[in-house]
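Each chain, letter by letter, is given below.
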Amino acid sequence: MPQTIAVLDFGSQYTQVIARRIRECQVYSKIYHYTTKPEQLQADGVVGIILSGGPSSVFSKKAPIPDRGIFELGVPVLGICYGIQLFGHLLGGKAAKSDHREYGHGTLTIKKPGRLFAGLPKKLRVWNSHGDKVIELPPGFKAIGTTENSPFAAIEDIKRNFYGIQFHPEVFHSEHGVDVIRNFLVGVCGAKQEWTTKDFIAHAVKEIRAKVGKSRVILGLSGGVDSSVAAALIHKAIGKQLTCVFVDNGLLRKGEREAVIDLYQKHFHIDLRVADSGKLFLKKLKGVSDPEQKRKIIGRTFVEVFEKSLKSIGKAEFLAQGTLYPDVIESVAIGNNPAALIKSHHNVGGLPERMKLKLLEPLRELFKDEVRQVGSALGLPREVVWRQPFPGPGLGVRVLGAISADQLEILRNADAILQEEMMESGWYWKVWQSFCVFLPVKSVGVVGDERNYSYVIAVRVVESIDAMTADWTRLPYDLLQKISSRITNEVRGVSRVVLDISSKPPATIEWE
Ligand code: XMP
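Overview of the overall build of the chain
Within the chain, the secondary structure is distributed over 16 helices and 18 strands. Principal-axis analysis of the C-alpha atoms gives the chain an extent of 90 × 50 × 40 Å. Expressed as a percentage of the 512 residues in the chain, the buried residues total 55%. Summarising the internal contacts of the chain: among those between residues at least 6 apart in sequence, 74% fall at separations of at least 24. Of the roughly 23600 Å² of accessible surface on the chain, a fraction of 53% belongs to carbon and sulfur atoms.

Some thoughts on the pairing of strand β16 (residues 450–463)
Strand direction decides the pairing type here: strand β15 (residues 433–447) and β16, joined by 13 bridges, are antiparallel. Residue pairing across strands places Val446 opposite Arg451, the latter belonging to β16. Once β15 ends, the chain turns through two residues before running back antiparallel as β16, passing Gly448 with a positive phi of about 65°. Across five bridges, the pairing between β16 and strand β18 (residues 494–499) is parallel. Bridge assignment links Val456 to a residue of β18, and that residue is Arg496. With two bridges connecting them, β16 and strand β17 (residues 471–472) associate as antiparallel partners. Along β17, the bridge assignment pairs Glu463 with Asp471.

Let's talk about the packing of helix α8 (residues 278–285) against helix α9 (residues 291–313)
In a pair of packed helices, the angle between the axes and the distance between the axes together describe the arrangement. At a closest axis distance of 10 Å, the pairing of α8 and α9 adopts a crossing angle of 145°. When you trace α8 past α9, the crossing you get is right-handed. Facing α8, whose interface residues are Leu280, Phe281, Lys284 and Leu285, α9 presents Lys294, Ile297, Ile298, Thr301, Phe302, Glu304 and Val305. Of the residues in the contact of α8 with α9, the class split is seven nonpolar, one polar and three charged.

Quick notes on the site of the ligand
Neighbouring residues of the ligand: 13 residues in total, closest Arg295, Gly392, Lys504, Ile509 and Glu510. Between Arg295 and the ligand, the recorded distance is 2.5 Å, taken from a side-chain N or O atom to an oxygen atom. Residue Gly392 places a main-chain N or O atom 2.8 Å away from an oxygen atom belonging to the ligand. For the ligand, whose accessible area on its own is 490 Å², the fraction buried by protein is 94%. In the shell around the ligand, the residues fall into seven nonpolar, three polar and three charged.

Remarks on the nonpolar core
Core analysis: the largest hydrophobic core is formed by 47 residues, its most contacted members being Phe306, Ile457 and Ile487. Per-element accounting of this core gives the leading share, eight residues, to α9.

Notes on the domain arrangement of the chain
Splitting the chain by domain gives domain 1 (4–188), domain 2 (197–385) and domain 3 (404–499). On a C-alpha basis, the centroid separation for the pair domain 2 and domain 3 is 29 Å. Taken together, the contact pairs ten residues of domain 2 with nine residues of domain 3. Taking both sides of the interface into account, the surface hidden between domain 2 and domain 3 amounts to around 870 Å²; carbon and sulfur atoms contribute 62%.

Focus on the pattern of salt bridges
A complete count under the given rule lists 29 salt bridges for this structure. Here Lys30 ties to Asp44 by a salt bridge, and the two come within 3.8 Å at their closest N and O atoms. One end of the pair, Lys30, is in strand β2 (residues 28–33); the other, Asp44, is in the loop between α2 (38–43) and β3 (46–51), and 14 residues separate them in sequence. Two residues, Arg486 and Glu490, come together in a salt bridge whose shortest N-O distance is 2.7 Å. Here Glu490 and Arg486 lie together in helix α16 (residues 477–490), a separation of four residues that amounts to about one turn. Exposure remark for Arg486: the relative accessible area of 17% places this residue in the buried category. Note on Glu490: relative accessible area 47%, which makes it partly exposed. One connected set of salt bridges, linked through shared partners, spans Glu420, Glu421, Lys482, Arg486 and Glu490.

Things to note about the packing of aromatic side chains
Summed over all chains, the structure comprises twelve aromatic pairs. Pairing Tyr28 with Trp195 gives two aromatic rings, centres 4.5 Å apart and planes at 55°, and the pair type is tilted. Taken as a pair, Tyr28 in strand β2 and Trp195 in the loop between α4 (177–188) and α5 (197–212) lie far apart in primary sequence, 167 residues in all. The exposure class assigned to Trp195 is buried, which follows from its relative accessible area of 11%. Taken together, Phe71, Phe87, Phe141 and Phe162 form an aromatic cluster joined through their ring pairs. The side chain of Arg253 reaches across the aromatic face of Phe390, ending 3.7 Å from its centre. The ring of Trp472 has Arg474 lying over it, and the distance from NZ or CZ to the ring centre is 3.8 Å.

Reading guide: rules and limits
Residues numbered from 1 in each chain as written. Predicted model: local features only at pLDDT ≥ 70, side-chain atom pairs only at ≥ 80, totals over all residues. Heavy atoms only, no water. Helix = DSSP H or I, 4+ residues; strand = E, 2+ residues; numbered from the N terminus. Buried < 20%, exposed > 50% of the residue type's maximum accessible area, 1.4 Å probe, protein only. Contact = heavy atoms within 4.5 Å. Areas by Shrake-Rupley, 256 points an atom, 1.4 Å probe, with all protein chains shown as cover. Pairing = 2+ DSSP bridges. Axes fitted to C-alpha atoms, helices over the stretch in contact; angles between N-to-C directions. Left-handed = near helix turned anticlockwise from the far one by under 90°. Nonpolar A, V, L, I, M, F, W, Y, C, P; charged D, E, K, R; others polar. Near = heavy atom within 4 Å. Polar contact = N/O pair within 3.5 Å; in protein donor to acceptor, adjacent residues only side chain to side chain. Core = buried A, V, L, I, M, F, W, Y, C linked by side-chain atoms within 4.5 Å. Domains from an automatic or database assignment. Buried area = accessible area lost by both parts, 1.4 Å probe. Salt bridge = Lys/Arg side-chain N within 4 Å of Asp/Glu carboxyl O. Phe/Tyr/Trp six-rings, centres within 6.5 Å; stacked < 30°, edge-to-face > 60°. Lys NZ or Arg CZ within 6 Å of the ring centre and 35° of its normal.

In structure tokens:
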């Protein structure tokens, strides 16, 4: 059993982020409900405990209070935010409601570095979000850091190895936050930094096997990073008990279906079923020009096709999904961001209940960059692991207005040239997304001596961190020139290529 750091969850929105930072320090951690019994922690080989923050006040009647026995285990404890109030409240000090609720940035002045702040600057910009503060130290504690509003913003009991900090070291906005966490893990708890991606995989494989037993698992493979990594991981765990379903909705890019078959069937020998349903999607989309309507139809048809494929596979007990941690928050927090709908779209909402399937989500606690590391370690190629995002409705929202098979074909060919040039020049890996959009307008061109009226292709290449904002990428003119002349020369039906130079906001990344 690896050395385990227990993160006791008091309902903080950042609990998973704490776990992530611990993984960044290459230490294994497990999140426990705040009521977990000390005996359980002991049995699990816990070498340190972190009390997460939480939205409650220790003064509230419903305040989550842990078993006091956790303070008797003889292992170091770090209380974050709500966690420090618990020290004040439970160990004989005093917490009080603060006159100034501290939210956002503050400056922590370190009075005594000790082991927690070893090697760090004297002043740190830190991120706070709380309403209570410690006003009287419990016996054995000393203040080691202060803020404008609190003389006890960081405290330690050097004998028992108890530390409390009012700020959130786990969030990106806290300077040296991860160093504070590392100091606690390594300097205070003596944890060894040896938990790697390989260990994660071995651990996940064990858990999947234990959960699934001899049952059959179905996974909807989209070809995107998350479902691909989930497929490779689950396949490693249970081999032939996994069946993947890939829905070819006729809105894919050139060569995509073949690439998926090549990788999963031929390379990984995964039981892959391809649902060839391009015609059905096109039939349902006929004459529909409203983008939201198109999305709905594509989503509904996807579920229909997927469900039918499941029936043909036979009895399964689990539906696997490549849900990541940010999907879990986003789907709650950011209601109308289309990116947040990705999962509800692909994750065939309602299906698990209807088909009486249990969910298997082995990546649920990971962040995107960690999923990529897992994917690489599982042997997935760079093209899959670092693939640009591609919307569920695919080229369906990139042929503007009503969709025809001819227009799709034009777009597919133009887009393939763009991707080829982006890959060839190395720009594909540097940008967030690069794609073509089919504009259903005709403009005049000359071929030989003849004037003809053909369609327009827009090239959209953007940089972004999270798709919430984006800027257009300044590609070199030579590259743009090559893309444009190849598209107009090689794709019949296109006479003009334009470049989209709008940022988000006010424009969006996709055109529809
Ligand atoms: P926008 O166009 O809103 O896109 O700036 C933000 C990100 O979300 C992707 N996107 C979608 N993904 N289904 C998806 O799965 C959709 O309907 C959808 N619409 C936009 C888009 O490609 C970008 O990465």
